[in-house]
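Residue-level structure breakdown
Below are the chains, spelled out letter by letter.
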Amino acid sequence: MLRSILIGLSAGSRSMTPLAAVSEAAHSGRLPADNGAPSWLGSPWMAAGSKALAAGELWGDKLPSAPDRIVLAGILARLVTGGLAGAALAPKRQRYSAPPWAPARRWRRPMSPSTPA
């Protein structure tokens, strides 16, 4: 899970960099066998396209006409690509079965009458 967190943090600065890194790792076969990466993430077209988009984003951010970092479209792009890259690195056996917005169930043992409160 640490890899997922770290790749998600890197999405805060560049939206396409984590997706390009995970796509290249999936394409070259360097992701663990139990990853959650979709099959299309490792295609040669996706690997090349995401690297080109990451390079274009890096170049475009250096231009004086680049938009602010707090524009809604940029924030949403960083959230989506960071989440996708993080999910691709998360081992399947450690994933939650419920979506993150679903309320968590709390399971606890019922207290017996002889147990002090």
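Rules used in this analysis
- Residues numbered from 1 in each chain as written.
- Predicted model: local features only at pLDDT ≥ 70, side-chain atom pairs only at ≥ 80, totals over all residues.
- Heavy atoms only, no water.
- Helix = DSSP H or I, 4+ residues; strand = E, 2+ residues; numbered from the N terminus.
- Polar contact = N/O pair within 3.5 Å; in protein donor to acceptor, adjacent residues only side chain to side chain.
- Contact = heavy atoms within 4.5 Å.
- Expected span 1.5 Å × (residues − 1).
- Buried < 20%, exposed > 50% of the residue type's maximum accessible area, 1.4 Å probe, protein only.
- Arc of directions from axis to C-beta.

Mapped onto the elements, L2 comes out in helix α1 (residues 2–10). In this structure, the C-alpha to C-alpha distance between L2 and A90, residues 88 residues apart in sequence, is 8.6 Å.

By secondary structure assignment, the location of S23 is in helix α2 (residues 17–28). A polar contact is formed between the side chain of S23 and the backbone oxygen of L41, at a distance of 2.9 Å. If we ignore the near neighbours within four places in the chain, the residues touching S23 are L41, G42, M46, A47 and S50.

Taking 1.5 Å per residue, 18 residues should reach 26 Å; helix α3 (residues 44–61) reaches 26 Å between its end C-alpha atoms and fits that length. Within α3, burial applies to A47, S50, A54 and E57. Seen end-on, α3 carries its buried residues on one side only, within an arc spanning 95 degrees. Seen from the open side of α3, the exposed residues pointing more than 90 degrees away from its buried face are P44, W45, A52 and W59.

Fair warning: the whole summary comes from geometry, so function is off the table for now.
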